[in-house]
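Coordinate inspection notes
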Amino acid sequence: PAAIRIMSNRPMQPVPPQTPPSASRRRALRTMTAAVTAPPLAAASLLATARADAPVPEFDAKALSELDSIHEAQGKPADASGKPVPPHEGWGSGTVPFDGQDRAFTFGFIGDTPYNRLDQQGLKRVMAGLDDTDLEFVLHVGDIKSRGERCSDILLSDRVEMMDRSQHPLIYTPGDNEWTDCGWIDPDDPYAPGTPLDRLHWLRSRVYHHPESLGARRMRVEQQRQMIPQLSVRDSNSLEQPRLPENMRWRIGSLQFCTIHVVGSNNAMFSTPAMREAWALRQQANAIWLTETAVLAKRYGARGLVIATHANMGFEAARNDGWTATRQAIIATAADFGGPVALLHGDTHIFRTDRLLLRSHGLENFIRVECFGSPFTWQWVTIRWNPEAAMPDRPDPERGPAFRVYTHHA
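Residues numbered from 1 in each chain as written. Predicted model: local features only at pLDDT ≥ 70, side-chain atom pairs only at ≥ 80, totals over all residues. Heavy atoms only, no water.

**Details of the overall build of the protein chain**
Condition: Secondary structure is summarised from DSSP: a helix means a run of H or I of at least four residues, a strand means a run of E of at least two, and numbering begins at the N terminus for each. Only protein chains enter the accessibility calculation, which uses a 1.4 Å probe; a residue is then buried when its area is under 20% of its type maximum, exposed when over 50%, and partly exposed in between. Between two residues, a contact is recorded if the distance between any of their heavy atoms is within 4.5 Å. Note that accessible areas follow from Shrake-Rupley with a 1.4 Å probe, and for residues the cover is restricted to the protein chains shown.
Helix and strand content of the protein chain: 10 helices and 12 strands. The 410 residues of the protein chain split such that 56% are buried. Across the protein chain, every contact between residues at least 6 apart in sequence was considered, and the portion connecting residues at least 24 apart equals 77%. Accessible area for the protein chain stands at about 17,800 Å²; split by element, carbon and sulfur atoms hold 52% of it.

Put into structure tokens, the structure is as follows:
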């Protein structure tokens with residue numbers, strides 16, 4: 001019911017006492033933080049003003065040529081035996097030129113579940129309902145366990161397998177509970193088994209080792225970086241290349257999708273050097289990925305853009321926190337894109353859909369949808385894309401909104 005409001009229980013991770021970082025490490029952290037607030041690509045460097053009227057910097061010819069080759073760089077997905085996985089009708093392969101073949105379609109949207117055994121039963125019923133619905137894919141926006149549950153390989157494997165049994169392709173982007181809230185953050189050994197960066201490495205190795213979705217019917221995606229499972233925990237969190245394998249994008253008809261790895265608990269902006277470095281890496285990588293995706297979507301004729309992430313980043317409050325750079329990047333991207341833009345997230349467990357940036361930034365093209373979460377595990381959301389409503393040359397109020405949101409109960 002609308003009168004019931006669930007407050008998110010997301011206390012900050014306790015940090016044990018530590019020795020201050022060296023002068024050289026402090027300089028490195030300052031440099032990385034400065035890079036986050038001014039990423040080098042296009043709209044992500046714009047300030048979040050009332051209306052983003054400033055022109056967005058253009059990619060040069062070399063950068064565009066590089067981006068044009070991205071969707072050709074990765075091979076077709078394969079199953080465990082090495083046989084190619086046949087695509088389903090309408091599958092996406094990242095960012096591809098629009099071929100004019102367009103249609104309305106629907107996808108499922110869940111997150112912040114399961115948190116316990118009761119949630120697991122509810123999720124099984126929800127998954128059965130999703131399986132019986134005509135959907136292109138299902139999106140899970142993270143938190144596949146509660147903060148209080150163990151972060152063991154067995155539990156994480158069990159939750160991933162639940163999602164993998166979906167009859168539709170299932171896209172999953174990480175939440176904070178499955179990695180940032182795991183174990184103590186040890187400044188002497190931040191890559192030890194059970195620590196946050198170790199759990200993030202586990203997810204990357206088990207879920208993001210192929211450019212494809214989960215589910216019985218796989219869907220092709222592009223990754224910002226192909227994961228090499230043989231890498232050590234330290235190497236997979238290297239700052240040399242700000243690219244994340246969990247950042248994905250895919251295209252269905254005229255609608256472009258992407259995920260960016262942004263989590264609750266203040267986006268894991270903790271004070272230990274290794275965690276601050278990992279935070280800086282993700283901010284830079286997310287800004288690059290979001291901007292690349294928006295530029296390619298416009299270049300290849302997309303009419304709409306969907307950005308999916310875990311965190312509720314608190315757009316309503318102007319403050320400097322772990323989400324500031326990402327909020328600015330999303331606002332600037334939506335202002336520049338022009339067509340319908342949807343931000344999908346979880347984190348605070350309250351179903352809502354609104355025009356989040358209309359009053360503050362005048363963005364009529366932007367909507368926000370948050371999915372149900374525990375304990376409302378018996379409910380889910382579907383979103384229908386109507387490409388005809390996104391055509392600016394044929395405005396017609398009778399066509400309805402470009403994104404129509406529905407709720408369901410198992």
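After presenting the structure, the write-up continues.
**What to know about the sheet that holds strand β1 (residues 105-110)**
What counts is decided by this rule: Note: two strands are recorded as paired if DSSP finds a minimum of 2 bridges between them. All axes here are fitted lines through C-alpha atoms, helices being fitted over the stretch that makes contact, and every angle between N-to-C directions spans 0 to 180 degrees.
The strand order β3-β2-β1-β11-β12 describes an open sheet built from five strands, whose pairing is mixed. Of all the strands in the sheet, just β3 (170-172) and β12 (403-409) have a single pairing partner and so form its edges. Here the average twist between neighbouring strands, direction ignored, is 25°. With three bridges connecting them, β1 and strand β2 (residues 138-140) associate as parallel partners. Paired with Gly108 across the two strands is Val138, which belongs to β2. Contacts from helix α3 (residues 117-131) reach β1, β2, β3 and β11 (379-385), with the element oriented near 175° to β1.

**Brief notes about the pattern of salt bridges**
Heads up, the condition is: A pairing counts as a salt bridge when a side-chain nitrogen of Lys or Arg comes within 4 Å of a carboxyl oxygen of Asp or Glu.
Counting across every chain of the model gives 17 salt bridges. For Asp164, the salt bridge is made with Arg218, and the minimal N-O distance between the two is 3.1 Å. Within this pair, whereas Asp164 is found in helix α4 (residues 153-164), its partner Arg218 is found in the loop between α5 (196-207) and β4 (222-223), the two being separated by 54 residues in sequence. The class for Asp164 is partly exposed, based on a relative accessible area of 26%. According to the relative accessible area criterion, Arg218 is partly exposed, its value standing at 22%. One salt bridge in this structure joins Arg368 and Glu316, with 3.1 Å as the shortest N-O distance. Placement of the pair is Arg368 in strand β10 (residues 366-370) and Glu316 in the loop between β7 (304-308) and α9 (324-337), with a sequence separation of 52 residues. Through salt bridges with shared partners, a single network forms among Glu149, Asp158 and Arg159.

**Focus: the nonpolar core**
Short version of the rule: Joining through side-chain atoms within 4.5 Å is the link that ties buried Ala, Val, Leu, Ile, Met, Phe, Trp, Tyr and Cys residues into a set, and such a set is a nonpolar core.
Judged by nonpolar contacts, the single largest core of 59 residues is most densely connected at Phe109, Phe137, Tyr172, Trp250, Leu344 and Phe403. Broken down by element, this core gets its largest block of residues, five residues, from α5.

**What to know about the packing of helix α8 (residues 273-299) against α9**
In a packed pair of helices, the relevant descriptors are the angle between the two axes and the axis-to-axis distance. Definition in use: Comment on the angle field: the value is read as roughly parallel under 35 degrees, roughly antiparallel over 145, roughly perpendicular from 65 to 115, and oblique elsewhere. Under the grouping applied here, Gly and all other residues not named as nonpolar or charged are polar, the nonpolar ones being Ala, Val, Leu, Ile, Met, Phe, Trp, Tyr, Cys and Pro and the charged ones Asp, Glu, Lys and Arg.
At a minimum axis distance of 10 Å, the contact between α8 and α9 shows a crossing angle of 5°. In terms of orientation, α8 lies roughly parallel with respect to α9. On α9, the residues touching Gln283, Leu290, Ala294, Ala297 and Lys298 of α8 are Thr326, Ala329, Ile330, Thr333, Asp336 and Phe337. Among the residues making up the contact of α8 with α9, the classes are represented as six nonpolar, three polar and two charged.

**Topic: the confidence of the model for the protein chain**
Spelled out, the test is: Values of pLDDT, the confidence the predictor places in each residue, fall between 0 and 100.
Taken over all residues, the pLDDT of the protein chain has a mean of 78, while the share at 70 or more is 72%. Within the protein chain, the lowest mean pLDDT, 44, falls on helix α1 (residues 23-37), and the highest, 98, falls on β2. Ignoring residues within four places in sequence, the model shows residues 28-60, a span with pLDDT below 50, making 52 contacts including any to other chains.

**Re α4**
Note the cut-off: To estimate how far a helix should extend, the number of its residues minus one is multiplied by 1.5 Å.
Taking 1.5 Å of rise per residue, 12 residues should cover 16 Å, and α4 covers 16 Å from first to last C-alpha, within 8% of that figure. Elements that come into contact with the buried residues of α4 comprise α3, β2, β3 and α5.

**Looking at the pairing of β10**
Burial runs high along β10: five of the five residues are buried. Alternating positions in β10 separate into two faces, Phe366, Arg368 and Glu370 on one and Ile367 and Val369 on the other, with burial throughout. Here strand β8 (residues 341-345) pairs with β10 via five bridges, running parallel. Bridging across to β10, Leu344 finds its partner in Val369. Bridge analysis of strand β9 (residues 352-354) against β10 gives three bridges, and the strand direction is antiparallel. Looking at β10, one finds that Thr353 is bridged to Val369.

**Things to note about the state of the cysteines**
Note: disulfide means a covalent bond formed between the sulfur atoms of two cysteine side chains. Heads up, the rule is: Disulfide assignment relies on a single distance test, namely cysteine sulfur atoms paired within 2.5 Å.
Counted under the stated rule, the structure contains one disulfide. Between the sulfur atoms of Cys151 and its disulfide mate Cys182 the distance is 2.0 Å. Disulfide Cys151-Cys182: the torsion about the S-S bond is -85°, which places it as left-handed. In this pair, Cys151 sits in the loop between β2 and α4 while Cys182 sits in the loop between β3 and α5, placing the two residues 31 residues apart along the sequence. Its relative accessible area of 15% is what places Cys151 among the buried residues.

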